[in-house]
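# Overview (structure and organization)
Residues per chain are reported as follows:
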Amino acid sequence: MRALIARDLALAVRAGGGFGLGLAFFLIVVTLIPFGVGPETTLLTEIAPGILWIGALLACLLSLDRVFALDWEDGSLDLLATAPLPMEGIVTIKALAHWLTTGLPLVLAAPALGLLLSLPAPGYLWLFLSLLIGTPALSVIGTFGAALTVGLKRGGLLLSLLVLPLYVPTLIFGAEVARRGADGLAVETPLLMLAGLSFGTLALLPFASAAVLRVNLR
Amino acid sequence: MSLWEYANPVKFIRTTDRVLPWLAWLSAVCLAVGLIWGFFFTPDDFRQGSTVKIIYLHVPSALMAINGWLMMLVASLIWIVRRHHVSALAARAAAPVGATMTVIALATGAIWGQPMWGTYWAWDPRLTSFLILFLFYLGYMALWAAIENDDTAADLTSILCLVGSVFALLSRYAVNFWNQGLHQGASLSLDKEKNVADVFYFPLLVSIAGFVLLFIALVFLRTQTEIRARRMRALLARERMA
Amino acid sequence: MLTVSDLSVARGGLPVLSGVSFALQAGEALILRGPNGSGKTTLLRSIAGLQPPLSGTIEGTDRIAYAGHQDGIKTALSVEENLGFWASVFGTGKIEAALEGFDLLGLKSRLAGNLSAGQKRRLGLARLLVTGRPVWVLDEPTVSLDAASVALFAGAVKTHLAGGGAALMATHIDLGLPEARSLDVTPFKARPEELGADEAFL
């Protein structure tokens, strides 16, 4: 297991794209928003938490089709499936690697991008926390989608169509935490719901992902 | 004699062939009676006027939108547990029907919403949930369409249906929470049965029965089509093998 | 070490082979023969546990090291890292013998992306040694190997068999293994009427 995560991280660093691409995409989305809605600070302040959450979510989505595709193409996935690792463990590790290479950099970058959208001062902490708690759920759910579409030639678009509806609850609770935090309101309820969602998906969804991966391998 | 006998495609087609005409006619009669009774022989609502009569399309289609997904969930579970091909194909057959019901519910809701609330669309929890349900239908159908191997597609879509159901439920609660959190309990929700007087209620029941029968008839018909398409592929494959 | 009894396997929902039975003891090698498309790959994948068989049983799946058409090599990692990864996945940890066995010591720190096709294949086969598993299940192991590398591979198989291992492989060339039996899969071709899963639709 440890070898698998080490290998995936090494590959992400060396092959490039892993860290950089998602972050650059996040930056571009956040840059484009003011062009679309106008430069008024009051409006930007109001929508900043939501924009940052949606930007992070889309950046997360961008790299999902690589979670299994590369291992599928070069045959590693077959070999991993015959190795003494449970399939559930493999998909969990894959989700973890995706989070470390995509989710975590987004979490760290989000406060900096908050500056661009004049996020109010109390919002930074809650934005950071909500993303820190919520992005693992995005990676785990995304890994399920990636496992569903791994054998398909043009799976990328289908992957988005399958995964985005599944992202709805995470987005709602995550953005709610950030928004309430920015407005100085109580955040306990959505924060707990978000944490519950993350832990729940992390505990249960790998079984579904492993099942669909087994189906796709045969 | 057990229910599972109908999992045999031949038996399924033979039985549904016998039932289908009855179902279709019964559904047509129920729909005609329910809608005509509802549209022309009920009084106008004292607040909403005659616009309330869209309820005879809106409520039944909304019901079938949700029940259609539930039926797919049950059929998917049967496929996962007992591996009856007819069950997987029935789930596949139900998806477009359910999606259409969702569109009807959304469209009639919008048409009703314009005179009542002054807007075609509001991000009310109930409306939003239906929109999300429609997205789930789309994803489910797209996955079926994308995979060539029938059994692989059945397996993957069944698991997607299972996972999707859980997330659809989560979304429902999340959306409820989200909108109250924003608008302090928008008063757009439609508390149906409680506000509906008997005079509107009976034609509504007839029309709901009509929609249920229509749904069953369409699913039977589409399942037959799926079975025949599957049979054709199997025959072609045997041809290639020989 | 590996017992296959009355196995039927399917590809794309259609049965390709049925009624395949054989047993493999320590020190034995079995070579599958048959024309292209006769179901050798499907049979090997089923035996390796990658796809469920239509019927029949396989004993000893957890003793198998499988190598398919693709080598599962990461081009961004070096030869050493590639092997080291599989060594730690299988919990063996030692890669020196495998590097030596397939003449890869000189290429140890080379990026796998810079290897030739034959060298990649050797790296893929060296993986078998680091798994530490006794039953090798190989699908066309000699593709893109030159004569010297084939001899190297044949030597590795001999050593493996002498050490109490077993090997099951699909290959068209003669490896010069005198002790190897061969099994022609053509007689096991599934007849059209044995359509398994789809029979209900016919």
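Attention here is on the structure that accompanies the text. Predicted model, so just to flag it, every value in this text is computed and none were measured. (Residues numbered from 1 in each chain as written. Chains lettered and ligands numbered in written order. Predicted model: local features only at pLDDT ≥ 70, side-chain atom pairs only at ≥ 80, totals over all residues. Heavy atoms only, no water.)

### A look at helix 9 (residues 168-183) of chain A
An α-helical turn contains 3.6 residues, so any two residues separated by three or four positions project in the same direction. Residues and elements named next belong to chain A. Between its first and last C-alpha, helix 9 extends 22 Å over 16 residues, near the 22 Å set by a 1.5 Å rise per residue. With 13 of 16 residues buried, helix 9 is to be regarded as a mostly interior element. Of the residues flanking the end of helix 9, it is Gly 184, one or two places downstream, whose phi is positive at about 75°. (Helix = DSSP H or I, 4+ residues; strand = E, 2+ residues; numbered from the N terminus. Expected span 1.5 Å × (residues − 1). Buried < 20%, exposed > 50% of the residue type's maximum accessible area, 1.4 Å probe, protein only.)

### Overview of helix 4 (residues 125-146) of chain B
For helix 4 of chain B, built from 22 residues, the straight-helix expectation of 32 Å at 1.5 Å per residue is met to within 8% by its first-to-last C-alpha distance of 31 Å. The residue sitting at the N-terminus of helix 4 of chain B and contributing the capping side-chain oxygen is Asp 124 of chain B; that oxygen lies 2.9 Å from the backbone nitrogen of Arg 126 of chain B. (Polar contact = N/O pair within 3.5 Å; in protein donor to acceptor, adjacent residues only side chain to side chain.)

### Thoughts on the packing of aromatic side chains
Scanning the entire structure with this criterion turns up eleven aromatic pairs over all chains. With a centroid separation of 6.4 Å and 85° between ring planes, the pair formed by Phe 39 of chain B and Phe 40 of chain B is classed as edge-to-face. Classification of Phe 40 of chain B by relative accessible area gives exposed; the value is 62%. Members of the aromatic cluster, connected to one another through ring pairs, are Trp 69, Phe 136, Tyr 137 and Tyr 140 of chain B. When the ring centre of Trp 79 of chain B is taken as reference, the NZ or CZ atom of Arg 83 of chain B above it lies at 4.3 Å. Taking NZ or CZ as reference, Arg 127 of chain C lies 5.3 Å from the ring centre of Trp 86 of chain C, over its face. (Phe/Tyr/Trp six-rings, centres within 6.5 Å; stacked < 30°, edge-to-face > 60°. Lys NZ or Arg CZ within 6 Å of the ring centre and 35° of its normal.)

### Examining the interface of chain C and chain A
The accessible area lost on association of the parts is a frequent measure of interface size. Contacts between the two partners involve 24 residues from chain C and, on the opposite side, 23 residues from chain A. Overall, the association of chain C and chain A removes approximately 2,000 Å² of surface from exposure, summing both partners, and the carbon and sulfur fraction of that is 63%. Per-residue buried area on chain C facing chain A is highest for Leu 50, Lys 74 and Phe 85 of chain C; these three make up 29% of the total on that side. In this assembly, chain C and chain A are joined by three salt bridges. Across the pair Asp 78 of chain A and Arg 45 of chain C runs a salt bridge, and its minimum N-O distance is 2.8 Å. In this structure, the connection of chain C to chain A is made through eight residue pairs in polar contact (both at pLDDT 80 or more). When contributions to the side of chain C that touches chain A are tallied by element, the ones reaching two or more residues are strand 5 (64-67) and helix 2 (79-89) of chain C. When residues of the side of chain C that touches chain A are assigned to their parent elements, the largest contribution, five residues, is made by helix 2 of chain C. In the side of chain C that touches chain A, the residues fall into 13 nonpolar, five polar and six charged. (Contact = heavy atoms within 4.5 Å. Buried area = accessible area lost by both parts, 1.4 Å probe. Salt bridge = Lys/Arg side-chain N within 4 Å of Asp/Glu carboxyl O. Nonpolar A, V, L, I, M, F, W, Y, C, P; charged D, E, K, R; others polar.)

### Some remarks on the sheet that holds strand 3 (residues 29-33) of chain C
Residues and elements named next belong to chain C. Taken in spatial order, the five strands line up as 5-6-7-3-8 in an open sheet, and their pairing is parallel. With partners counted over all chains shown, the strands left at the sheet margins are strand 5 and strand 8 (181-184), one partner each. Direction aside, neighbouring strands of the sheet carry axes that sit 15° apart on average. Bridge analysis of strand 6 (residues 135-139) against strand 7 (residues 166-170) gives five bridges, and the strand direction is parallel. Bridge pairing in strand 7 links Val 135 to Ala 166. Here helix 1 (residues 40-47) sits on the sheet in contact with strand 3, strand 5, strand 6 and strand 7, set at roughly 150° to strand 6. (Pairing = 2+ DSSP bridges. Axes fitted to C-alpha atoms, helices over the stretch in contact; angles between N-to-C directions.)

Shape is all these values report; function is a separate question.
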